[in-house]
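For reference, the chains in residue letters:
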Amino acid sequence: MEKKDSLAGDAWSKRVPEISRIIHFTDFDVIGIQEADSFQTMNLSSFLQDYHFYAPDSESGNPIFLRKNLMF
């Protein structure tokens, strides 16, 4: 799928900065990501320094990002 996205000009490398910008702008505390592969999760994590993420396993593709300063 990545190859098709790249050919259409919608590569992950072009989307991830915009995704992180929206997350920072909206100031979310908790973020659920759907169908991300492990590379996308790690890459997004590098843009979201104020968040921890939890992924139940490397195959799930549904990580949850939590703001680091949240108290539970």
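The structure under discussion appears in the preceding block.
Residues numbered from 1 in each chain as written. Predicted model: local features only at pLDDT ≥ 70, side-chain atom pairs only at ≥ 80, totals over all residues. Heavy atoms only, no water.

A. Fine view of the sheet that holds strand S3 (residues 64-67). Overall, antiparallel pairing links the three strands, which are arranged S1-S3-S2 in an open sheet. In this open sheet, the two strands that pair with only one neighbour each are strand S1 (30-32) and strand S2 (51-54). Across the sheet, the axes of successive neighbouring strands diverge by a mean angle of 20°, strand direction being ignored. Relative to S3, S2 runs antiparallel, the two sharing four bridges. Note on S3: the bridge partner recorded for tyrosine 51 is arginine 67. (Pairing = 2+ DSSP bridges. Helix = DSSP H or I, 4+ residues; strand = E, 2+ residues; numbered from the N terminus. Axes fitted to C-alpha atoms, helices over the stretch in contact; angles between N-to-C directions.)

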